[in-house]
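A closer look at the structure
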Amino acid sequence: MTNTLPTTIAVAGAGLLGRLLAWQLQKSDIQVTLFESGSFTPDTPQTNRAAAFTAAGMVAPLSEAVVSDEGVYRMGIFALQQWPAWFAQLPATTEPLFFNNGSLVVAHHQDTSELEQFERELGFVLPGCKGYQHVNQHDIHQLEPDLHSNFHTGLFLSEEGHVNNREFMRLIGDELLKLGTRIREFSPVETYPGKIVTEAGEEYFDLVIDCRGLGAKKQLRNLRGVRGETLHVETKEIHLQRPVRLMHPRYQLYVVPKPNHRFMIGATQIESEDRSPMTLQSSLELSSALYTLSPAFAEARIIEMDTNLRPAFMDNLPKVDVQDGLIVANGLFRHGYLLAPAVVENVLAHIFKKPEAVFSALLNQH
Ligand SMILES: Cc1cc2nc3c(=O)[nH]c(=O)nc-3n(C[C@H](O)[C@H](O)[C@H](O)COP(=O)(O)OP(=O)(O)OC[C@H]3O[C@@H](n4cnc5c(N)ncnc54)[C@H](O)[C@@H]3O)c2cc1C
């Protein structure tokens, strides 16, 4: 990259990474133009909506270490500090944007081997890990009184948290407008060093940052989409303080409490780029597993079914590719909220020429 700081930056994609980067850069007095192929304020599930809107918003370094590696864990620990720091810079809201009540992992009696396997895998990725504690029936009841009383054993991961993600996406969108970011919605683009190509022609910038998630697939050939289906229900019959994961031999479900008596249940993980609506089988699996967490969910109203694709490289790890005039950040897979703080800090370190870009060894692979 050249030695002078850029004064005009184009960000392609107003999903999770795109909004965060545009926000941080615009606050540093750089003129940012944010291109989004769809609507900037998608209120309802729609084709090609950012995965950031579909996500559960969990920031779960330990739970996710089991399906990734120590690097992901370290970046996730960073996220647990960074999200509250960022939220402190946003206007106050009636609902908190970040919840740090930990998370609970449980299994039915006949599936306790799944819980043991989870713990073994955690010990394999993070030897000597002390970030969780075993809980018994009494502890589970203390933590989540509304869960079914037949859970005898579980793990409590006290440091994990979750983001009120749709509210955050809306709020940061408002902030960008207030700060004067140029928003260009319904503008699908292609990215090149120093150049954005829209349907209308070419536009030039000091720097282009490509945050198009799966929309970059044509240019990033090793990127793939991983289908995830989610269910949203509403009920006043049950209250949860934190995400609850249910270990099961065939499917692993999580329930994340959301504002206004809503719960998000997710998510399937299917190697397919099919964005069509949820299958009957997935809806049965998610809802029957939910019912086993507490029969009180039986009367819950289904208010939304959503499907989206997680952008992932072959190793399911994120990458930041830095060239002169173009930075590409992508591949956050099922870890967008977990890894975005590390990825954003890394990109900013490159732009502002901080001597040692954070998490370089983990992210900057070509
Ligand atoms: C079911 C599900 C559950 C999830 N749960 C979690 C979770 O609990 N915790 C967690 O950490 N992560 C979770 N994730 C993952 C997280 O949502 C993604 O990793 C994250 O959203 C990726 O961020 P991104 O900015 O790269 O892409 P996105 O958020 O998908 O944003 C990409 C944006 O680029 C736009 N775009 C695409 N093509 C173009 C183009 N040509 N021109 C302009 N704009 C374009 C898109 O419209 C979109 O707005 C989940 C994902 C799914 C699907």
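Counting starts from 1 at the beginning of each chain's written sequence and moves along it residue by residue. Only residues with pLDDT of 70 or above have their local features reported here, since the model is predicted, and side-chain atom pairs are shown and tallied only from 80 upward, although totals for entire chains, interfaces and linings are computed over all residues. Excluding hydrogens and water, the side-chain values take into account all heavy atoms of the structure.

This part takes up the pattern of salt bridges. Should a side-chain nitrogen of Lys or Arg be within 4 Å of a carboxyl oxygen of Asp or Glu, the pair is scored as a salt bridge. Taken as a whole and assessed by the stated rule, the structure comprises 21 salt bridges. With a closest N to O distance of 2.8 Å, Arg-224 and Glu-271 form a salt bridge. With a gap of 47 residues between them, Arg-224 in strand β14 (residues 224-234) and Glu-271 in the loop between β17 (262-266) and α8 (280-293) connect regions that are remote in the sequence. Residue class for Glu-271 comes out exposed when judged on its relative accessible area of 57%. Residue Glu-234 is joined to Arg-262 by a salt bridge in which the shortest nitrogen-to-oxygen separation is 2.9 Å. With a gap of 28 residues between them, Glu-234 in strand β14 and Arg-262 in strand β17 connect regions that are remote in the sequence. By definition, any uninterrupted DSSP run of H or I lasting at least four residues is a helix, any uninterrupted run of E lasting at least two residues is a strand, and each is numbered from the N terminus. Exposure categories follow from relative accessible area, calculated using a 1.4 Å probe and restricted to protein chains: below 20% of the type maximum is buried, above 50% is exposed, and the middle band is partly exposed.

Let's shift gears to the site of the ligand. Around the ligand sit 36 residues in total, of which Leu-17, Glu-36, Ala-51, Phe-333 and Tyr-337 are the nearest. The definition of a polar contact used here is a pair of N or O atoms within 3.5 Å, where within protein one atom must be able to donate a hydrogen and the other to accept one, and adjacent residues in sequence count solely through side-chain atom pairs. Between the ligand and the protein, one listed contact pairs a nitrogen atom with a backbone N or O atom of Arg-334 at 3.0 Å. Accessible areas in this description were obtained via Shrake-Rupley with a 1.4 Å probe; residue shielding takes into account the shown protein chains only. Out of a free accessible area of 1000 Å², the ligand has 95% covered by protein chains. Among the elements of the structure, α1 (16-27), α2 (51-54), β18 (301-312) and α9 (336-351) are those that each provide at least two residues to the shell around the ligand. Each residue receives one of three labels: charged for Asp, Glu, Lys and Arg, nonpolar for Ala, Val, Leu, Ile, Met, Phe, Trp, Tyr, Cys and Pro, and polar for the others, Gly being one of them. Looking at the shell around the ligand residue by residue, the class counts come to 19 nonpolar, 13 polar and four charged. Whether a residue is near a molecule or strand depends on its heavy atoms: it is near if one of them lies within 4 Å of it.

Turning our eyes to something else, we now look at the packing of helix α4 (residues 70-87) against α9. In helix packing, the relevant descriptors are the interaxial angle and the interaxial distance, both defined with respect to the helix axes. Orientation is described by lines fitted to C-alpha atoms, with helices fitted over the stretch in contact, and by angles between N-to-C directions that extend from 0 to 180 degrees. At a minimum axis distance of 7 Å, the contact between α4 and α9 shows a crossing angle of 85°. Here α4 is positioned roughly perpendicular relative to α9, judged by the angle of their axes. Across the interface between the two elements, Val-72, Met-75, Gly-76, Phe-78, Ala-79, Gln-82, Trp-83 and Trp-86 of α4 pack against Tyr-337, Leu-338, Leu-339, Ala-340, Pro-341, Ala-342, Val-344 and Glu-345 of α9. When an angle is under 35 degrees it counts as roughly parallel; over 145 it counts as roughly antiparallel; between 65 and 115 it counts as roughly perpendicular; any other value is oblique. In this description, contact between two residues means that some pair of their heavy atoms is separated by no more than 4.5 Å.

What follows covers unusual backbone geometry. Despite not being glycine, Asp-29 shows a phi value in the positive range, around 70°. Here Asp-29 lies in the loop between α1 and β2 (31-35). Unlike most non-glycine residues, Phe-186 shows phi in positive territory, near 50°. Along the chain, Phe-186 falls in the loop between β9 (182-184) and β10 (190-192).

On to the environment of Pro-259, then. With respect to the helices and strands, Pro-259 occurs in the loop between β16 (253-258) and β17. Ignoring any residue separated from it by four or fewer positions in sequence, one finds Pro-259 in contact with Glu-95 and Asn-164.

Aromatic rings from Phe, Tyr and Trp, with only the six-membered ring used for Trp, were paired whenever their centres fell within 6.5 Å, and each pair was classed as stacked if the ring planes differed by under 30 degrees, edge-to-face if by over 60, and tilted otherwise. The full count for this structure, using the stated rule, is nine aromatic pairs. A ring pair is formed by Phe-263 and Phe-297, whose centres lie 5.2 Å apart and whose planes are at 90°; its orientation type is edge-to-face. Here Phe-297 lies in the loop between α8 and β18 and Phe-263 lies in strand β17, a separation of 34 residues in the sequence. These aromatic residues form a ring-pair network of at least three members: Trp-83, Trp-86, Phe-87, Phe-98, Phe-168 and Tyr-337. We call a charge positioned over a ring when the NZ of a Lys or the CZ of an Arg lies within 6 Å of the ring centre and within 35 degrees of the ring normal. Across from the ring centre of Phe-40, 4.3 Å away, lies the NZ or CZ of Arg-19, which sits over that ring. The ring of Trp-23 carries Lys-27 above its face, with NZ or CZ at 4.4 Å from the centroid.

A word on the sheet that holds strand β7 (residues 153-157). We treat two strands as partners when DSSP finds at least two bridges between them. Taking strand neighbours across the sheet as the criterion, the eight strands line up as β6-β7-β5-β15-β16-β17-β14-β18 in an open arrangement whose pairing is mixed. Because the sheet does not close on itself, it has two edges, and the strands there are β6 (133-136) and β18. Taking the axes of each pair of neighbouring strands and ignoring which way they run, one obtains an average angle of 25° across the sheet. Here 11 bridges tie β14 to β18, and the two strands are oriented antiparallel to one another. From the neighbouring strand, Glu-229 faces β18, where its bridge partner is Thr-307. Lying over the sheet, helix α5 (residues 112-125) contacts β5 (103-107), β6, β7 and β15 (244-247), oriented at roughly 30° with respect to β7.

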